Amino acid sequence: MAVGILQTNEEIRTSVQKDADSLFSSYVEVSFSSQGTLDNLQQNLQCCGSNGTEDFTSLHVHIPQSCIAEDGQSYYRQGCSEVLSKLYLVYMHVWFGFGLAVCAVQVPLMVLSLVMYCQLLSYVENWHQRLH
């Protein structure tokens, strides 16, 4: 989580873009199950290729059916790297907020436990002195 927070939005987009380019450039070379995974990704995120349909046309490959928009007439214009970058940024902020909330609870509880420990230690020392 900390690594994601220290990265700028542009660094995240660049990293996701590089990974998506690598993934989709090997679309024709990957196994059938991997193509199915990529097709599901494209359908569910309503995107096509890493940067759009040109990823497939530049490889002289037919554009997959998973890139066809819901209207059945056109292709998804948005590349999956853009969609994935946006999702990553949204979820990164959610997890960062969750982490802050956990810290906001843990720090006061740690202070409380330290106070209780000191009180208990003081009580035990006083009790021990009374015995002697």
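See the structure above.
Just so it is clear, the model here is predicted, and its values are computed rather than measured. (Residues numbered from 1 in each chain as written. Predicted model: local features only at pLDDT ≥ 70, side-chain atom pairs only at ≥ 80, totals over all residues. Heavy atoms only, no water.)

Please provide a residue-by-residue account of the environment of Val83, values included.
Here Val83 lies in helix H5 (residues 80-131). Sequence-wise, Val83 and Val16 are 67 residues apart; in three dimensions their C-alpha atoms are separated by 9.7 Å. Among all residues touching Val83, those that are not within four sequence positions of it are Leu45, Cys47 and Gln78. (Helix = DSSP H or I, 4+ residues; strand = E, 2+ residues; numbered from the N terminus. Contact = heavy atoms within 4.5 Å.)

Describe the nonpolar core, with residues and values.
By size, the foremost hydrophobic cluster in this structure holds 13 residues, and its most contacted members are Phe24, Cys48, Phe56, Ile63 and Cys67. Excluding anything up to four places from it in sequence, Ile63 contacts Cys48, Thr53, Phe56, Thr57 and Tyr75. (Core = buried A, V, L, I, M, F, W, Y, C linked by side-chain atoms within 4.5 Å. Buried < 20%, exposed > 50% of the residue type's maximum accessible area, 1.4 Å probe, protein only.)

Could you give me a rundown of the packing of aromatic side chains, with the residues and numbers involved?
This structure, assessed with the given rule, holds one aromatic pair. Between Trp95 and Phe98 the ring centres are 5.5 Å apart and the planes differ by 90°, which places this aromatic pair in the edge-to-face class. Remark: Phe98 and Trp95 occur in helix H5; sequence separation between them is three residues, near one turn of the helix. In this structure Trp95 comes out as exposed when scored by relative accessible area, which is 51%. (Phe/Tyr/Trp six-rings, centres within 6.5 Å; stacked < 30°, edge-to-face > 60°.)

Please provide a residue-by-residue account of the state of the cysteines, values included.
Working definition of a disulfide: a covalent bond connecting the sulfur atoms of two cysteines. According to the stated counting rule, one finds two disulfides in the structure shown. Two residues share a disulfide in this structure: Cys47 and Cys80, whose sulfurs sit 2.0 Å from each other. Between Cys47 and Cys80 the sulfur-sulfur dihedral comes to about 90°; the bridge is accordingly right-handed. Highlighted residues: Cys47 in the loop between helix H3 (32-45) and helix H4 (54-57) and Cys80 in helix H5, separated in sequence by 33 residues. With a sulfur-sulfur separation of 2.1 Å, Cys48 is cross-linked through a disulfide to Cys67. With the S-S bond torsion at 90°, the cross-link from Cys48 to Cys67 turns out right-handed. Residue Cys48 is located in the loop between H3 and H4, and its partner Cys67 is located in the loop between H4 and H5; the two are separated by 19 residues in the primary sequence. In this structure, Cys48 and Cys67 share a single accessibility class: buried. Sequential numbering of the bridged cysteines in the protein gives the disulfide pattern 1-4, 2-3. (Disulfide = S-S within 2.5 Å.)

Can you tell me about the pattern of salt bridges, naming the residues and giving the values?
Following the criterion strictly, the structure yields one salt bridge and no others. With its nearest N and O atoms 3.4 Å apart, the salt bridge here joins Glu82 to Lys86. In this pair, Glu82 and Lys86 both sit in helix H5, four residues apart, roughly one turn of the helix. Residue Glu82 is classed as partly exposed on the basis of its relative accessible area of 40%. Using a relative accessible area of 45% as the deciding quantity, one classes Lys86 as partly exposed. (Salt bridge = Lys/Arg side-chain N within 4 Å of Asp/Glu carboxyl O.)

Coordinates in, geometry out; function isn't part of it.
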